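# Topology and contacts: notes
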Amino acid sequence: MISKKIILTGSFGVGKTSLFNRFIENKFDEKYMTTIGVKVNKKSVFIEGNEVALLLWDIAGEISQDKVPTSYFLGAAGVVYVFDLSRPLTFQNIVSDLTYLKSILPYSVVRVVGNKKDLLTEDQISRLETEFPIKWHALTSAKTGENVEDLFLNLATEMI
Ligand code: GDP
Ligand code: MG
């Protein structure tokens, strides 16, 4: 069986833990429980008939340079960089964060994901897209579940 390490990163409160919970247990919680340290979950998916075990690392805190020990990132085949569509503060450092990630993980697949899609209208999303400094890969809602499964399946497909 193939196994792949995926890390989730991004500012506090963007919905990293919620995306994991939605993907792994198909549930959502309105309460905000701060993640302490790192939580690792495992879920297998099937890609073209092959079982791929995804080891999902939910990291507390921001990657922004030195705040997270680089050892957390070691061996990650995939990175999901999450921002909150409803809070511009959560994507103000996106370009430098991605440059940093690229420097420590040059060979991993990086996915840029805007979460909390349920809080914005289609118009608001289009406007944001034109102003956004880079192209995002997916927009999700951990609350409704929209695009969450697809996100991880696409990532798994690209990693193998
Ligand atoms: P983390 O700090 O990145 O792990 O963020 P959490 O997963 O703990 O989520 C922070 C808060 O945002 C919690 O109150 C969640 O219920 C809420 N939240 C997470 N994802 C969504 C979403 O897609 N839509 C909405 N409306 N709220 C969300
Ligand atoms: Mg968390």
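Residues numbered from 1 in each chain as written. Chains lettered and ligands numbered in written order. Predicted model: local features only at pLDDT ≥ 70, side-chain atom pairs only at ≥ 80, totals over all residues. Heavy atoms only, no water.

## Focus: the site of ligand 1
- Close to ligand 1 lie 20 residues, the nearest being G13, S18, D29, E30 and D118.
- A distance of 3.0 Å is found between an oxygen atom of ligand 1 and a backbone nitrogen or oxygen belonging to G15.
- Between ligand 1 and the protein, one listed contact pairs an oxygen atom with a side-chain N or O atom of S18 at 2.6 Å.
- Notes on ligand 1: free accessible area 580 Å², of which the protein chains cover 91%.
- Looking at which element gives the most residues to the shell around ligand 1, the answer is helix α1 (residues 16-25), with 3 residues.
- Of the residues contributing to the shell around ligand 1, the split by class is 6 nonpolar, 7 polar and 7 charged. (Near = heavy atom within 4 Å. Polar contact = N/O pair within 3.5 Å; in protein donor to acceptor, adjacent residues only side chain to side chain. Areas by Shrake-Rupley, 256 points an atom, 1.4 Å probe, with all protein chains shown as cover. Helix = DSSP H or I, 4+ residues; strand = E, 2+ residues; numbered from the N terminus. Nonpolar A, V, L, I, M, F, W, Y, C, P; charged D, E, K, R; others polar.)

## Some remarks on the sheet that holds strand β2 (residues 38-47)
- Taken together, 6 strands build an open sheet; the order of strands is β2-β3-β1-β4-β5-β6 and the sheet is mixed. In this open sheet, the two edge strands, each paired with only one partner strand, are β2 and β6 (138-139).
- In terms of strand pairing, strand β1 (residues 2-9) meets strand β3 (residues 50-59) through 7 bridges, oriented parallel. Pairing of S3 across the sheet is with A53, part of β3. (Pairing = 2+ DSSP bridges.)

## Remarks on helix α2 (residues 94-104)
- Here α2 has its buried residues at I94, D97, L98, Y100 and L101. The arc that holds the buried residues of α2, viewed along the axis, is 160 degrees, so those residues lie on one side. Exposed and facing more than 90 degrees away from the buried side of α2 are T99 and S103.
- Buried-residue contacts for α2 involve β1, β4 (76-84) and β5 (109-115). (Buried < 20%, exposed > 50% of the residue type's maximum accessible area, 1.4 Å probe, protein only. Arc of directions from axis to C-beta. Contact = heavy atoms within 4.5 Å.)

## Describing the nonpolar core
- Counting residues in each nonpolar core, the largest one holds 24 residues, and the members touching the most others are L54, V80, F152 and M159.
- If you list the elements that add at least two residues to this core, you get β1, α1, β2, β3, β4, β5 and α4 (148-159).
- The biggest single contributor to this core is α4, with 6 residues.
- Other than its neighbours up to four places away in sequence, F152 contacts L8, L19, F20, F23, L54, L56 and V80.
- Counting 21 residues, the second-largest nonpolar core is a separate cluster that includes I7, F73, F91 and L120. (Core = buried A, V, L, I, M, F, W, Y, C linked by side-chain atoms within 4.5 Å.)

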